[in-house]
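Residues per chain, in single letters:
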Amino acid sequence: MNKNQLAQELAVSEKIHLSTAFKAIDGVLRIIKHTLAKGEDVALRGFGTLSPVQREERPGINFTTKEPIVLPAQRSVRFKISQELKNIMNHGNVD
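Everything quoted here is computed from the prediction, not taken from an experiment. (Residues numbered from 1 in each chain as written. Predicted model: local features only at pLDDT ≥ 70, side-chain atom pairs only at ≥ 80, totals over all residues. Heavy atoms only, no water.)

Q: Please explain the overall build of the protein chain as it appears in this structure.
A: A count of helices and strands for the protein chain gives 3 helices and 5 strands. Traced from its N-terminal end to its C-terminal end, the protein chain shows the element sequence α-α-β-β-β-β-β-α. Taken over C-alpha atoms, the radius of gyration comes to 18 Å for the protein chain, far larger than the 12 Å a tight globule of 95 residues would show. When its C-alpha atoms are laid out on the principal axes, the protein chain stretches across 55 × 35 × 30 Å. Burial analysis of the protein chain (95 residues in total) assigns 17% to the buried set. Intrachain contacts of the protein chain at a sequence separation of at least 6 include 29% that bridge at least 24 residues. Here the protein chain carries 14 positive and 10 negative side-chain charges, and the mean point of each set is 2 Å from the other. (Helix = DSSP H or I, 4+ residues; strand = E, 2+ residues; numbered from the N terminus. Rg over C-alpha atoms; globule rule 2.2 N^0.38 Å. Buried < 20%, exposed > 50% of the residue type's maximum accessible area, 1.4 Å probe, protein only. Contact = heavy atoms within 4.5 Å. Lys, Arg positive; Asp, Glu negative; His and termini not counted. Charge placed at Lys NZ, Arg CZ, Asp CG, Glu CD.)

Here is the structure:
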């Protein structure tokens, strides 16, 4: 599912205009991005938690030349799935 499909599903399920659904999705994503950029977690009950993490510098391989390279340290995001979502995915118990 991509953003357009998500907006269409949201518009139909919540009986709102498609443009309103896009604005809502854009707003939520903007807030999540800014929160993670500040170094804070985003916990969505029943879905999971997004946490910013610092990845250390590490060795890697250039697949084209097969030469060793050093991958620089960088910030990334970790997602920890909630137990509720895990149960839905494994057992199909959708409300």
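Q: Even after reading the chapter, I still don't get the packing of aromatic side chains, so can you show me in this structure?
A: The geometry of an aromatic ring pair is captured by the separation of the ring centres together with the interplanar angle, meaning the angle of the planes. Within the structure shown, the criterion is met by 1 aromatic pair. Ring geometry for Phe47 against Phe79: centres 5.4 Å apart, planes inclined by 55°, an arrangement best described as tilted. With Phe47 in the loop between β1 (42–44) and β2 (48–55) and Phe79 in strand β5 (residues 74–81), the pair connects residues that are 32 residues apart, well separated along the chain. (Phe/Tyr/Trp six-rings, centres within 6.5 Å; stacked < 30°, edge-to-face > 60°.)

Q: What should I look at first to understand the sheet that holds β5 in this one?
A: Neighbouring strands of a sheet are bound in pairs by backbone hydrogen bonds; such pairs are parallel or else antiparallel. Pairing is antiparallel in the open sheet, where 3 strands are placed in the order β1-β2-β5. What marks the edges here is a single partner per strand, and that holds for β1 and β5. Neighbour-to-neighbour, the strand axes of this sheet turn through a mean angle of 25°, independent of strand direction. Here 8 bridges tie β2 to β5, and the two strands are oriented antiparallel to one another. In the sheet register, Pro52 faces β5, and the bridge partner there is Val77. (Pairing = 2+ DSSP bridges. Axes fitted to C-alpha atoms, helices over the stretch in contact; angles between N-to-C directions.)

Q: In this structure, what is going on with the confidence of the model for the protein chain? I would like to understand it.
A: For residues with low pLDDT, the predicted coordinates do not support detailed interpretation. Across the protein chain, pLDDT averages 95, with 97% of residues at or above 70. Confidence, read as mean pLDDT per element, is least for helix α3 (residues 83–91) in the protein chain (92) and greatest for β1 (98). (pLDDT = per-residue confidence, 0-100.)

Q: What am I meant to see in helix α1 (residues 3–14) here?
A: An α-helix turns once per 3.6 residues; consequently, residues spaced three or four apart project the same way. Relative to the 16 Å expected for 12 residues at 1.5 Å per residue, α1 spans 16 Å between its end C-alpha atoms, a close match to the ideal helical length. Structurally, the start of α1 carries an N-cap: the backbone nitrogen of Asn4 is 3.0 Å from a side-chain oxygen of Asn2. Backbone geometry just downstream of α1 places Lys15 in the positive-phi region, at approximately 55°. (Expected span 1.5 Å × (residues − 1). Polar contact = N/O pair within 3.5 Å; in protein donor to acceptor, adjacent residues only side chain to side chain.)

Q: Mind showing me how you'd approach the pairing of strand β4 (residues 68–71) here?
A: Regular strands place side chains that alternate from one sheet face to the opposite one. Two elements, strand β3 (residues 58–61) and β4, share 4 bridges in a ladder whose sense is antiparallel. Across the sheet, the residue bridging to Arg58 is Leu71, located in β4. The antiparallel hairpin formed by β3 and β4 contains 6 residues in its connecting segment, where Lys66 sits at a positive phi of about 65°.

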